[in-house]
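# An overview of the molecular structure
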Amino acid sequence: MSSTEDRLARLEEDNYFLGRKVDELNEALIFQQKQYDLLETRLAKALDALERLKGLVEGQGPVNAPPPHYNSW
């Protein structure tokens, strides 16, 4: 082979492996996006539940309120 053919063969080989690497990275990115979407959904549900609990607790009055006969002089 001539040096031009060697260089072309090397470039084609590099292109092939780079293409495979891009595909692998794309798959990893798709997987991470699915994880991110799931976590975002779960966080939204957890925040909703927290807000509901907060509403229930606030409706009951202060948890550590002193008894009515307590004077804080």
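Data block above holds the structure.
This report concerns the structure included in the present document. Note that the coordinates shown come from a computational prediction; the quantities given were computed from them, not determined experimentally. All residue numbers refer to positions counted from 1 along the written sequence of the respective chain. Given that the model is predicted, a residue must reach a pLDDT of at least 70 before its local features are reported, and side-chain atom pairs must reach 80 or more before they are shown or counted; all residues, however, enter totals for whole chains, interfaces and linings. The basis for every side-chain value is the complete set of heavy atoms in the structure, and neither hydrogens nor water enter the calculation.

## A word on the overall build of the protein
Every helix listed is a DSSP run of H or I at least four residues long, and every strand listed is a run of E at least two residues long, numbered separately from the N terminus. Along the protein, the regular secondary structure elements total 1 helix and 0 strands. With a 1.4 Å probe rolled over the protein chains alone, any residue whose accessible area is under 20% of its type maximum counts as buried; one over 50% counts as exposed, and the rest are partly exposed. For the protein, with 73 residues in total, the buried portion stands at 0%. Carbon and sulfur atoms form 59% of the exposed surface of the protein, whose accessible area is close to 7,300 Å². All accessible-area figures derive from a Shrake-Rupley calculation using a 1.4 Å probe, and residue coverage is judged against the displayed protein chains alone.

## Notes on the packing of aromatic side chains
Between 30 and 60 degrees the pair is tilted, below 30 it is stacked and above 60 it is edge-to-face, where a pair is any two Phe, Tyr or Trp rings, Trp via its six-membered ring, whose centres lie within 6.5 Å. For the structure on display, the rule yields 1 aromatic pair. A centroid spacing of 5.2 Å and a plane angle of 75 degrees characterise the contact between Tyr16 and Phe17, whose relative ring orientation is edge-to-face. Residue classification places Tyr16 among the partly exposed residues on the basis of a relative accessible area of 48%.

## Some points on the pattern of salt bridges
In what follows, salt bridge is the name for a side-chain nitrogen of Lys or Arg lying within 4 Å of a carboxyl oxygen of Asp or Glu. Under the defined criterion, the tally for this structure stands at 3 salt bridges. Between Glu13 and Arg10 there is a salt bridge; the shortest N-O distance is 3.1 Å. Taken together, the residues Glu13 and Arg10, both in helix H1 (residues 3-59) and 3 residues apart, mark about one turn of the helix. Note that Lys21 and Glu24 form a salt bridge whose closest N and O atoms lie 3.2 Å from each other. Taken together, the residues span about one helical turn, with Lys21 and Glu24 both in helix H1 at a distance of 3 residues. One salt-bridge network, held together by shared partners, links Arg10, Glu13 and Asp14.

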